[in-house]
Structures are given as structure tokens and as C-alpha cells.
Amino acid sequence: MSRRFLPILKHHLSARFTAHTRSVTYMPRPGDGSPRGVTLIPGDGVGPLVTGAVEQVMEAMHAPVYFEKYDIHGDMKTVPPEVIDSIKKNKVCLKGGLKTPVGGGVNSLNVILRKELDLYASLVHCFNLKGLPTRHDNVDIVVIRENTEGEYSGLEHEVVPGVVESLKSNCKVITKFCSERIAKYAFEYAYLNNRKKVTAVHKANIMKLADGLFLESCREVASAYPSIQYNEMIVDNCSMQLVSKPEQFDVMVTPNLYGNLVANTAAGIAGGTGVMPGGNVGADHAVFEQGASAGNVGNEKLAEQKKANPVALLLSSAMLLRHLQFPSFADRLETAVKRVISEGKFRTKDLGGASTTQEVVDAVIANLD
């Protein structure tokens, strides 16, 4: 055989070998690859910037989704019916941050969405990213919180001028039904994702009836999952343990307010809210957004400079793609984002860099397989 044909032969043999050893990630049913509609709410502040980043990346990798965009803002009195109808039709939504006015009796549109669509489970995934230095290693925590009752029930009124009675803080609403279904969701999530432990976070030493009911529900559900370790932790001690030994936690299940605080603490430990994905899910619908509180929503300067961090929403979009049963697209997106973080050349200010949102987006697109 001529020597000049050897490189060609080696190339073909290599290609055949690679093709035969490539793992199969997903075998779709006929029609599963059809483009799916996704309701898109850009939101306030940096929201349009980071949702625009997602649109660019989705288009670059030819993801089988298309967006129905609605211009919604946090100072609106309610969510327009056509937006609710769109989410109910599409079953999924991608959302930027909506700024909730402080005081003044304006309801949070985030809470309205969760209640209207019965998005009872909020999930935030807090984990170390390779190349991003943090004080703790081996952090991989999923915080699952009840999303529709508790301190966010919205039960408050003005008794007389100058005196407000708030059931949000004085006697939160906890029901057996909601406690049981969030516990079931947490254990089912742990089981399906090969997680080893579920920790219930509570304040039952003081709120003996309300948090006692929550714990009782968790214990009952835990008995049906003997392969998953179960423990309980008072929220005070949990906060201290999170910042001292976060690696001990796996899946955490909490009532509403505790989960909000715990998720933000865990996010801060693992690298900041700008890189933590999340979503809100119910039996029929799901809304994906930045996992921990988007504290930069109202940062007009960040929006003007176009330097908002798109990583959290990009990773949330990977969760959305898996939810829609497009795992190969989700893997491509997640791998590209992690590559950019690991290389460290393009990072926004919150991660110690000086890159613009667009520079990070361009880097992610360049790293798509």
C-alpha cells in the first residue's frame, strides 16, 4: 500500500471507531424533535439582556424551540391573561427577573405566577463550577422549597390606620396537602437523580403545629424511600452548617421562606447567584429562571453597561431543554457554558472579570460542540 494513503486510512478507521464507541444519550419517539413553543418574559433591568443571550445561543445551536415573547414588568398590578394563556398552552416559560416594588401594597408578579399556575416546587441547584474559586469545594446542593403557601400566602390587612396585621409573619399557613406533595417531589427528585440524602429544614421547636405538620409529612414520605437517607435540621443550625460544612448537604426540602434564604446562602457559597440555575414546577407547567434571587434586576448601571452575567439563565435553559426531553441540546449548552467558566477568559464583573454579556455569549457559542 502506498504511504500516501496511510493517513487517509487512519482517519477513516479513527472515524469508524469513534462512531461505534459514542454513547447514546436519548432515543426520541417520532415527532419528539418537533419545535416546542416557550413563553418568554424578558422582565426588568438586566432581564432583557440575559434572556436575549439565551435566544442567541438557542438559535446558534438550532435548538428545537421557538419563543413567544411578552413585555411584562414588576410594577404591573397583575399578569395579563394572555401571558397566563400562553404558558398554559406551551406548558413552559423562560423568565428574566421581575422587580417587586418594596411596600405600597403591590403584589409580586412572581408570586401571582406561581399561584395561578400552581408551581408548587421551586428548585435551585447550587454547585461548584470548575475554574471558579470558592471557599468550599465539593458543594452540590439542590434546594427544593414549597412555593405556594407559608409566609408567601399574602394574607395581610390594615386593621385600623397605622396598624397592619400580617399573617405572613405572625402565623404562616401550612397545609398537609402542600407539605406532603413537596416532600414527595423532593424524594422523587432524589431517587430519579441518584441523590443519597434529603434534609428537611424546619423551625418545629418553636412553630410546633405549622412546622410540625411539615415534618410529619416529610417523615411519612421518607418511609416510602428506604434507600434515601433522611434527616432534619432546625433552620438556625442549618444556616450555620451551610457556611461551615456545605458538603454535608445533598437535597434540602423546606417550607417557603426558609427555602428562599437557604437557596441564596447556598448560591453565595458555591459561586454567586449569577451562576446558579433554577425553576418553578407544578403538575402541568414549569417556569425556568435564575435560581437564586436576582439581586441585580434593578441595577440600571449594569444594564446600561451590558455587563450582566448570563450564566445562570443559560444553565436554567439547559434545565428547560431537559424538561422538554431534548437532552442532547441540554448537554451541548451546559458543556459549552462550563467550558467558558473553566477557561476563565470571559467572565463578568461578579465573577472577577470585566467581560460584557455579549462577550460571554460569543464565547459560549464558540464552544458549542
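Residues numbered from 1 in each chain as written. Predicted model: local features only at pLDDT ≥ 70, side-chain atom pairs only at ≥ 80, totals over all residues. Heavy atoms only, no water.

Structural notes on the packing of aromatic side chains
For any pair of aromatic rings, the description consists of the separation of the ring centres together with the inter-plane angle of the planes.
Next up, step 1: In this structure the tally under the stated criterion is five aromatic pairs.
Next up, step 2: With 6.5 Å between their ring centres and 85° between their planes, F326 and F329 make a pair best called edge-to-face. Grouping residues by exposure puts F326 and F329 together as buried.
Next up, step 3: Three or more aromatic residues link up through ring pairs in this structure, and these residues are F187, Y191, Y225 and Y230. (Phe/Tyr/Trp six-rings, centres within 6.5 Å; stacked < 30°, edge-to-face > 60°. Buried < 20%, exposed > 50% of the residue type's maximum accessible area, 1.4 Å probe, protein only.)

Observations regarding unusual backbone geometry
Next up, step 1: The phi dihedral of D118 is positive, around 55°, even though this residue is not glycine.
Next up, step 2: By secondary structure assignment, the location of D118 is in the loop between helix 4 (109-116) and strand 4 (121-127).
Next up, step 3: With a phi close to 60°, N138 is a non-glycine residue in the positive phi region.
Next up, step 4: With respect to the helices, strands and loops of the structure, N138 is situated in the loop between strand 4 and strand 5 (140-146). (Helix = DSSP H or I, 4+ residues; strand = E, 2+ residues; numbered from the N terminus.)

Quick look at the pairing of strand 2 (residues 65-69)
Next up, step 1: Across five bridges, the pairing between strand 1 (residues 36-41) and strand 2 is parallel. Considered in strand 2, the bridge of T39 is made with E68.
Next up, step 2: Read as a crossover between parallel neighbours, the route from strand 1 over helix 2 (residues 47-60) to strand 2 is right-handed. (Pairing = 2+ DSSP bridges. Right-handed = clockwise from strand over helix to strand, strands pointing away.)

Here we look at the side chain of S355
Next up, step 1: Counting through the fold element by element, S355 comes out in the loop between helix 11 (327-343) and helix 12 (357-366).
Next up, step 2: Judged by its relative accessible area of 6%, S355 is buried.
Next up, step 3: The residues contacting S355, other than those within four sequence positions of it, are K307, K345, F346, R347, T348 and V360. (Contact = heavy atoms within 4.5 Å.)

Notes on the pattern of salt bridges
Next up, step 1: Taken as a whole and judged by the stated rule, the model has 14 salt bridges.
Next up, step 2: The salt bridge involving R195 is made with D140; its shortest N-O contact spans 3.0 Å. Here R195 is found in the loop between helix 5 (176-192) and strand 8 (197-202), whereas its partner D140 is found in strand 5, with 55 residues between them in sequence.
Next up, step 3: The exposure class of D140 is partly exposed, given its relative accessible area of 33%.
Next up, step 4: With a shortest N-O distance of 3.2 Å, R322 and E334 are connected by a salt bridge. Of this pair, R322 sits in helix 10 (residues 311-323) while E334 is found in helix 11, placing the two residues 12 residues apart along the sequence.
Next up, step 5: On the basis of relative accessibility, which here comes to 34%, the residue R322 falls in the partly exposed class. (Salt bridge = Lys/Arg side-chain N within 4 Å of Asp/Glu carboxyl O.)

Notes on the nonpolar core
Next up, step 1: If you look at the biggest cluster of nonpolar residues, it comprises 89 residues, and the most contacted ones within it are L321, L333 and V364.
Next up, step 2: Judged by nonpolar contacts, the second largest core, of 13 residues, contains I87, L98, L109 and L119. (Core = buried A, V, L, I, M, F, W, Y, C linked by side-chain atoms within 4.5 Å.)

What is shown is where atoms sit, not what they do.
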